[in-house]
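Observations on the model geometry
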Amino acid sequence: RCTVDDRVTRVAWLNRSTILYAGNDKWSIDNRVVILSNTKTQYSIKIHNVDVYDEGPYTCSVQTDNHPKTSRVHLIVQVPPQIVNISSDITVNEGSSVTLMCLAFGRPEPTVTPRHLSGKGQGFVSEDEYLEITGITREQSGEYECSAVNDVAVPDVRKVKVTVNYPPYISNAKNTGASVGQKGILQCEASAVPVAEFQWFKEDTRLANGLEGVRIESKGRLSTLTFFNVSEKDYGNYTCVATNKLGNTNASIILYG
């Protein structure tokens, strides 16, 4: 808006050195710019669908009987934060180095904050567009959230999933007692990514499902060896082997009377 009085004989709006309107005559070829009012008290233009390139100085130039006068206004264009590029979901082996990227645009320049959404509460936060993890551990797997903030609008938030592969380790394998004629169950629990495959051995003989009244069930982290009708010859030392593409581990479990 430009406030004028009845001594004004000519009016014009300029953007930097480019004339937009002279009186009611449009000089700008931009159809987003229109004249709003040209009265004895006000000379106003309107810009529809403002873009960042519209930012800058605008000058209202008026001619009176004595001399020309100008009035200047600076247009500041704000842009909500927007994450324009972010790392894809990634799978890496434990010990690798990982760089997560989160690039954002906005005016003013948004603050970009990646953080680890860890259920253990030991995640870390970085005030940067790049989050570098050297020698990644299995605890650092999971979801990472990136937020871009500049107070113009609500933050833009995106997530990246990081999967960390690691070799199996057996976390639970207890010796178990069972009476002759009863049911006996040996359990072997192993953590691994990808999920471990299990094998059971007695001495050097690999056990198979359905042989001699035993059943092997493996689901997720747990493998179970079930004896439906325990006999004396079933007692002894069994070995559970957990394997994935990164390695294997084993544990000895005793079935006793």
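Computed from a predicted model, the values in this text were never measured in an experiment.

**Brief notes about the state of the cysteines**
In total, this model carries three disulfides according to the counting rule given. Here Cys 102 pairs with Cys 146 through a disulfide, and the sulfurs are 1.9 Å apart. Looking along the S-S bond of the Cys 102-Cys 146 disulfide, the torsion reads about -85°, which is the left-handed sense. In this pair, Cys 102 sits in strand 10 (residues 98–107) while Cys 146 sits in strand 13 (residues 142–149), placing the two residues 44 residues apart along the sequence.

**Comments concerning the UniProt feature "domain: Ig-like" (unreviewed entry) in the protein**
Cross-referencing UniProt, the feature "domain: Ig-like" (unreviewed entry) maps to residues 1–71, 81–163 and 167–254 in the present numbering. As annotated, residues 1–71 comprises 0% helix and 55% strand, and the C-alpha atoms at either end are separated by 10 Å. As annotated, residues 167–254 has a helix share of 0% and a strand share of 62%, and its two end C-alpha atoms lie 24 Å apart.

**Regarding the nonpolar core**
Soluble globular proteins tend to pack their nonpolar side chains together in the buried interior. Among the nonpolar cores identified, the biggest contains 22 residues, and Leu 186, Trp 200, Leu 225, Phe 227 and Tyr 238 are the most heavily contacted of them. Those elements that provide at least two residues to this core are strand 16 (184–193), strand 17 (197–202), strand 19 (214–219), strand 20 (222–227), strand 21 (236–244) and strand 22 (247–256). Among the elements that take part in this core, strand 16 stands out by supplying four residues, more than any other. In contact with Phe 227, other than residues within four places in its own chain, are Gln 182, Lys 183, Gly 184, Leu 186, Gly 213, Val 214, Asp 234, Tyr 238 and Leu 255. Ranked by size, the runner-up nonpolar core spans 17 residues in total, among them Val 92, Cys 102, Ala 104 and Ile 133.

**Quick word on the domain arrangement of the protein**
We note that the domain assignment places domain 1 (2–75), domain 2 (80–166) and domain 3 (175–255) within the protein. On a C-alpha basis, the centres of domain 1 and domain 3 stand 85 Å from each other.

**Let's talk about the confidence of the model for the protein**
Considering every residue of the protein, the mean pLDDT works out to 92; 97% of them sit at 70 or more. When pLDDT is averaged over each element of the protein, strand 9 (residues 90–93) comes out on top at 97 and strand 12 (residues 130–133) at the bottom at 90.

**Some details on the pattern of salt bridges**
All chains considered together, the criterion is met by nine salt bridges. Ionic pairing is found between Glu 217 and Arg 215, a salt bridge with its closest N-O pair at 3.5 Å. Overall, the relative accessible area of 34% leaves Arg 215 in the partly exposed class. A cluster of three or more residues bridged by salt bridges with shared partners is formed by Asp 30, Arg 32 and Asp 54.

**Remarks on the sheet that holds strand 12**
An order of 8-10-12 is seen for the three strands of this open sheet, with the pairing classed as antiparallel. One side of each edge strand has no neighbouring strand; the edge strands of this open sheet are strand 8 (79–86) and strand 12. Here the strands of the sheet are splayed against their neighbours by 20° on average, with no regard to which way each runs. As paired elements, strand 8 and strand 10 share five bridges and run antiparallel to each other. What sits directly across from Val 79, in strand 10, is Arg 107.

**Details of the sheet that holds strand 15 (residues 176–177)**
Taken together, five strands build an open sheet; the order of strands is 15-22-21-17-18 and the sheet is mixed. In the strand order of this sheet, the two ends are held by strand 15 and strand 18 (205–206), each with one partner. Relative to strand 22, strand 15 runs parallel, the two sharing two bridges. In the sheet register, Gly 177 faces strand 22, and the bridge partner there is Tyr 256.

Conventions used here
- Residues numbered from 1 in each chain as written.
- Predicted model: local features only at pLDDT ≥ 70, side-chain atom pairs only at ≥ 80, totals over all residues.
- Heavy atoms only, no water.
- Disulfide = S-S within 2.5 Å.
- Helix = DSSP H or I, 4+ residues; strand = E, 2+ residues; numbered from the N terminus.
- UniProt positions renumbered as here; feature names shortened; annotations may be inferred.
- Core = buried A, V, L, I, M, F, W, Y, C linked by side-chain atoms within 4.5 Å.
- Buried < 20%, exposed > 50% of the residue type's maximum accessible area, 1.4 Å probe, protein only.
- Contact = heavy atoms within 4.5 Å.
- Domains from an automatic or database assignment.
- pLDDT = per-residue confidence, 0-100.
- Salt bridge = Lys/Arg side-chain N within 4 Å of Asp/Glu carboxyl O.
- Pairing = 2+ DSSP bridges.
- Axes fitted to C-alpha atoms, helices over the stretch in contact; angles between N-to-C directions.

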